Each structure stands twice: as C-alpha cells, then as structure tokens.
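Here's the letter readout for the chains.
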Amino acid sequence: MRSTIGIDSLALGVPRGHLDLRDLAAARGVPASKYLDGIGTHRMAIAAADEDPVTLAASAARRAFALSGLDPKEIGLCVVGTETAVDHSKPIAAFLHGLLGLPSACRIFETKHACFGGTAGLLNALDWIASGSARGRSALVVCADVARYAPGSPGEPTQGAGAVAMIVSERPRLIELDVGRSGAYARDVHDFWRPLHSKDAAVDGQLSVQCYLDALAGAYGEWRRDEPADAEPLARTCYHVPYGKMARKAHRRRRMIDGLDEASADATFAAEVASSLLLPAQIGNVYTGSLYVALASLLHAEARAIEGQRVGLFSYGSGCVAEFFAGRVAAGAGELVARLDLDAPVRASTRLTMAEYEAIRSADAGADRRAAPPSAALHLGASEQPVAFLGVDTADRRIYGLATPS
Ligand code: HMG
C-alpha cells in the first residue's frame, strides 16, 4: 500500500473575545464597508491579558487530541511556529510539553519566519516522518500568534489572534500532503517587521501586498514547473489570509499565471476559494496560523464534498519567504471533520465593546509584568477548564495554570 503522510487531526484555539469591525469602523470614522468588503474581515479575535500564544496553543492542542481520540503519549516531535514568542530563549513548545504531558523522548522546538513559521514546522514534520525518524510516532505542529498593529494605524483592522494545532502522521484521516514536492521563493525585504522592543508590528502595507503577490508568483511558478501535463487540477486552494481581500487578489494572480484572463480568473473564486475565507473573516490574521485557519474553514464547509480531491496551499511569511504545496483530502475526512466541530471556539467567543478592546490594548504593555499568585499550579490537570497566563514569578518565569471560572 502507498505510504501517505499528512494532517490527521486539526483544531483551533481562539481568545474569549472578539471585536466586531463595524464597531471599530464607527470608532475610527471609517465606512464599515471598507473593513467588511474592502479588507474582507468581519471580526477580529482579541487576546486578553491572561491569553497569549501559549494558552491559545494549549487550547488548540487539547482539542485536537480530545476530539480525535489520539494520545499525547504518541507524539515524538512537537514544533510551534510563532512570530509572537513569549520568551527569547524558552520556546512555546517547552511550555506545551509540560502542559500537555508530552513524552520525554520528544524533539521540541519553536520556528520563526513571520507567518511562515508554522509551515516550516509542518514541512519539517512531514520530512521527519518520511525519513523514518518518527518510528511510528506522530508530530504535533502548532501555529500560535497574537497579531497586533498600533491602534489607529491602517493595519489595525487586520489584527487577530489564535492557534491551530495539527497532528501529523502516516495514513492521515484529514489530508494527505505531497512530500518533497513544493515550490519555494525567498527574498530579503522590509515589508513587515517587529523590533525587539515592540509588541506591535511595523509594516509597509502596500509594499507587503506587492511582496506577497511576487512571492506567490515565484513559489507557484516553481511548483507548477514540476506538475505533469496531465495532472489532476487543484479543486480548491487555500492561501495565507492576512485579510480576506488579500486571498482574493492572490487567487486572481495565480489563475492568471495559469493563463486565464482577469474576468475568468475571478469567476473561479467562489468555487475554489470562498469557503476557505469564512473562518478567517471571523478571526482576523493569526499570522502563522492563517493558512491553516483557511484550511480548517474549507474542511468545515466542504470536507465531505471534496474527499479524494486535490487542494493547493500557499504560505507566505514577510521578510520574506513563501512556499506552494498541495495535498489530497482523505477518504472519510467529512465524518471526522463533523466530530472535530472546527468552528466551536469561534462560536463561543463573545463580542467586546470598543471600550473593552481599548482597555485590553492599553493594559498590554504591563501584562507581561503582572505578578503570578504565589500558589500557581504548573500543570494542567485533567479538567477542560481553559489554560491562563497567570503572571510572572520573582525571577520573571512565566506561570500558567487553569483559568478561574468567571
Ligand atoms: P489601507 O490603507 O486601508 O488600504 O491599508 P486601502 O486604502 O488600499 O483600502 C483597502 C481596500 O479597501 C482597497 O481595495 C480599497 O479600494 C477598499 P483594493 O484596492 O485592495 O481591492 N475600500 C473600500 N471598499 C469598500 N467600501 C469602502 C472602501 N474604502 C476603501 N468604503 C492594508 C490596507 C492591507 C495595506 C493595511 O490594512 C495593512 O497595512 N495591513 C497590514 C499588512 C498586511 O496585512 N499585508 C498583507 C500582505 S503581507 C502578509 O500577508 C504577511 C503578514 O501576515 C505578516 C507576516 O508574514 O508575519 C502581514
């Protein structure tokens, strides 16, 4: 039997609260249509002071294990992609190792390249399994970020926060990925960056859009060169989604590379891309997780209908690097997706007022300096209660524990 490797389980973690972009538009004196249609985002998830990439990653990973029937003890590799790390040295993967109770015989690390960090982890996990290093074990790949731009800046409506956890294994039940077949592109540019002293990203917005499209053309061109002439076409394509309109622009560019004129390229959007943008429009940019929120959205909407069909995946990280690769939706994926209830965390999130959003943003700077309670527990326990960042101890160690029910 052909050996297949890919994503066996997937789950999201999002903050408790979100800002409705109609509220942001009213506060900033901008027509709501600019954010809803011009940017293509309806809500953005906002992380509170006790929510950070560690808590979001832990929530997503717990769901991925709990709902798919897999055991953390089967994990031999845990990679966390993030560009909003909580420590310059200790990786989020180490916090997760403790919180989830992963085995001690486990390779754990964090990867960074802007929004591409999660894809770097995923492709590494595929190679780890294909090389034989896994010896039957699975990999846990988590993408976790809190996307922040300065209040009032053009980037503000493109914030978001969340995590996507993926369990990668042989004979995956969701999507089989093509191993060793991707198109890459890299270039040294300053389209988006975040200085070490700042929690907010800096960006040259219009340049970043151009760099993304150039990277797409480069990576897709490379990938396409190795496609056999009679290859089965991609039924759907998921793009990195900093905001929905960007994916729409990307799809137009890609299909024009395929030889379609602009109108014909746009005509394929509804069938090939639209369903992958439903969840991103409710969460906003999750940086490393954005492509995989798009994949979750596609599977949530259509897994049963597209079982056995090919899906393209485009990952972009500012700075910049990009990769285009593809996979095939596994037979039976629809049934598992129904069990995974992928959008449940999004349904459970509550609408913040503008005042609550602004209070969270202004508390941000001090959030990492809060003192942890002296009796904070360091382990997760068996309960389904969410994990919270409790503060730092006297040596600046970050302490996590179970959230206190409100
Ligand atoms: P802006 O100044 O709001 O841009 O910044 P705009 O004035 O060009 O407006 C945006 C769109 O809204 C335009 O449509 C307008 O026509 C439309 P487009 O020409 O693009 O099709 N518009 C309206 N539509 C309906 N009704 C209206 C209306 N008014 C205007 N009334 C920008 C937009 C994205 C640049 C800004 O939000 C930004 O800087 N965001 C952050 C950077 C970003 O997301 N870049 C994306 C590519 S880079 C990337 O994806 C990597 C990243 O995820 C980071 C990483 O890798 O780590 C960011």
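Preceding block: the structure.
Below or above, wherever it landed, is the structure these notes cover.

## Observations regarding the overall build of the chain
Reasoning step 1: In terms of regular secondary structure, the chain is built from 14 helices and 17 strands.
Reasoning step 2: Relative to its length of 406 residues, the chain is compact, with a C-alpha radius of gyration of 20 Å against a globular reference of 22 Å.
Reasoning step 3: Dimensions of the chain, computed from the C-alpha atoms along their principal axes, are close to 65 × 55 × 40 Å.
Reasoning step 4: For the chain, the residues scored as buried account for 56% of the 406 residues in total.
Reasoning step 5: Once local pairs closer than 6 in sequence are excluded, the contacts in the chain between residues at least 24 apart make up 74%.

## With respect to the packing of helix H1 (residues 21–28) against helix H2 (residues 32–39)
Reasoning step 1: Running from N to C, H1 and H2 point in directions that differ by 135°, and their axes come no closer than 7 Å. Regarding the angle of H1 to H2, the classification is oblique. Counting all contacts with H1, which are made through Leu-21, Arg-22, Leu-24, Ala-25 and Arg-28, the residues of H2 involved are Ala-32, Tyr-35 and Leu-36.
Reasoning step 2: Of the residues belonging to the contact of H1 with H2, the class tally is 6 nonpolar, no polar and 2 charged.

## Looking at the nonpolar core
Reasoning step 1: If you look at the biggest cluster of nonpolar residues, it comprises 87 residues, and the most contacted ones within it are Leu-10 and Leu-295.
Reasoning step 2: Top element by residues in this core is helix H6 (residues 205–225). It accounts for 9 residues.
Reasoning step 3: Here Leu-10 is in contact with Ala-64, Val-164, Ala-165, Met-166, Leu-174, Leu-295, Ala-296, Leu-340 and Leu-342, once residues within four sequence places are set aside.
Reasoning step 4: Membership of the second largest hydrophobic core comes to 35 residues, among which are Ala-11, Leu-140, Val-146 and Ile-167.

## Observations concerning the site of the ligand
Reasoning step 1: Near the ligand lie 27 residues; those nearest to it are Lys-34, Glu-83, Cys-115, Lys-245 and Lys-249.
Reasoning step 2: The backbone of Ser-318 places a nitrogen or oxygen atom 2.8 Å from an oxygen atom of the ligand.
Reasoning step 3: Computed on the free molecule, the ligand has an accessible area of 1,100 Å², of which 74% lies beneath the protein chains in the complex.
Reasoning step 4: Breaking the shell around the ligand down by element, the ones donating at least two residues are H2, H6, helix H7 (244–257) and strand E13 (310–317).
Reasoning step 5: With 4 residues, H6 is the largest single contributor of residues to the shell around the ligand.

## As for the sheet that holds strand E2 (residues 17–20)
Strands pair in a sheet through their backbones, by hydrogen bonds, and they do so in one of two ways: parallel or antiparallel.
Reasoning step 1: Here 3 strands make up an open sheet; going across it, the order is E3-E2-E15 and the pairing mixed. Of all strands in the sheet, those with a lone pairing partner are strand E3 (43–46) and strand E15 (350–351), marking the two edges.
Reasoning step 2: Two strands pair when backbone bridges link them, and E2 and E15 are joined in this way by 2 bridges, in the parallel orientation. Looking at the pairing, Gly-17 lines up with Thr-350 of E15.
Reasoning step 3: Contacts from H1 reach E2, E3 and E15, with the element oriented near 55° to E2.
Reasoning step 4: Its contacts with the sheet place helix H14 (residues 354–367) against E2, E3 and E15, and it is angled at close to 45° to E3.

## Remarks on the pattern of salt bridges
Reasoning step 1: Using the criterion set out here, one finds 30 salt bridges in the structure.
Reasoning step 2: Here Glu-232 ties to Arg-328 by a salt bridge, and the two come within 3.0 Å at their closest N and O atoms. Of the two residues, Glu-232 sits in the loop between H6 and strand E12 (236–239) while Arg-328 sits in strand E14 (residues 321–329), which places them 96 residues apart along the sequence.
Reasoning step 3: The partner of Asp-393 in a salt bridge is Arg-397, and the shortest N-O contact between them spans 2.7 Å.
Reasoning step 4: Taken together, the shared-partner salt bridges in this structure form one network comprising Arg-224, Arg-254, Arg-255, Asp-258 and Glu-272.

## Let's talk about the pairing of strand E4 (residues 75–81)
Reasoning step 1: Counting buried residues along E4, 7 of its 7 residues qualify, which places the element largely inside the surrounding structure.
Reasoning step 2: The pairing of E4 with strand E6 (residues 138–147) spans 6 bridges and is classified as parallel. Paired with Val-79 across the two strands is Val-141, which belongs to E6.
Reasoning step 3: Both E4 and strand E5 (residues 107–111) contribute to a ladder of 5 bridges, which runs parallel. In the sheet register, Gly-81 faces E5, and the bridge partner there is Thr-111.
Reasoning step 4: One crossover worth recording links E4 to the parallel E5 by way of helix H4 (residues 92–100), and it is right-handed.

## Quick notes on the packing of aromatic side chains
Aromatic ring pairs are reported here in terms of the distance separating the ring centres and the angle at which the planes meet.
Reasoning step 1: Under the criterion given, the structure shown has 9 aromatic pairs.
Reasoning step 2: Ring geometry for Phe-192 against Tyr-287: centres 5.5 Å apart, planes inclined by 80°, an arrangement best described as edge-to-face. On the criterion of sequence distance, the pair formed by Phe-192 in strand E10 (residues 192–193) and Tyr-287 in the loop between helix H10 (280–283) and helix H11 (290–302) is long-range, its members being 95 residues apart.
Reasoning step 3: The interplanar angle of 20° and the centroid separation of 5.8 Å between the aromatic rings of Tyr-220 and Trp-223 together place this pair among those described as stacked. Placement of the pair is Tyr-220 and Trp-223 together in helix H6, with a separation of 3 residues, close to one helical turn.
Reasoning step 4: Looking at Trp-223, the relative accessible area reads 1%, which means it is buried.
Reasoning step 5: Here the aromatic cluster, defined as three or more aromatic residues joined through ring pairs, consists of Phe-95, Phe-389 and Tyr-400.
Reasoning step 6: For the cation-ring pair, Lys-90 lies above Phe-95, with the distance from its terminal atom to the ring centre recorded as 4.3 Å.
Reasoning step 7: The residue whose ring lies beneath Arg-398 is Phe-389, and the NZ or CZ to ring-centre distance is 4.0 Å.

Parameters at a glance
Residues numbered from 1 in each chain as written. Predicted model: local features only at pLDDT ≥ 70, side-chain atom pairs only at ≥ 80, totals over all residues. Heavy atoms only, no water. Helix = DSSP H or I, 4+ residues; strand = E, 2+ residues; numbered from the N terminus. Rg over C-alpha atoms; globule rule 2.2 N^0.38 Å. Buried < 20%, exposed > 50% of the residue type's maximum accessible area, 1.4 Å probe, protein only. Contact = heavy atoms within 4.5 Å. Axes fitted to C-alpha atoms, helices over the stretch in contact; angles between N-to-C directions. Parallel < 35°, antiparallel > 145°, perpendicular 65-115°, else oblique. Nonpolar A, V, L, I, M, F, W, Y, C, P; charged D, E, K, R; others polar. Core = buried A, V, L, I, M, F, W, Y, C linked by side-chain atoms within 4.5 Å. Near = heavy atom within 4 Å. Polar contact = N/O pair within 3.5 Å; in protein donor to acceptor, adjacent residues only side chain to side chain. Areas by Shrake-Rupley, 256 points an atom, 1.4 Å probe, with all protein chains shown as cover. Pairing = 2+ DSSP bridges. Salt bridge = Lys/Arg side-chain N within 4 Å of Asp/Glu carboxyl O. Right-handed = clockwise from strand over helix to strand, strands pointing away. Phe/Tyr/Trp six-rings, centres within 6.5 Å; stacked < 30°, edge-to-face > 60°. Lys NZ or Arg CZ within 6 Å of the ring centre and 35° of its normal.

No statement about biological role is implied by the geometric values presented.
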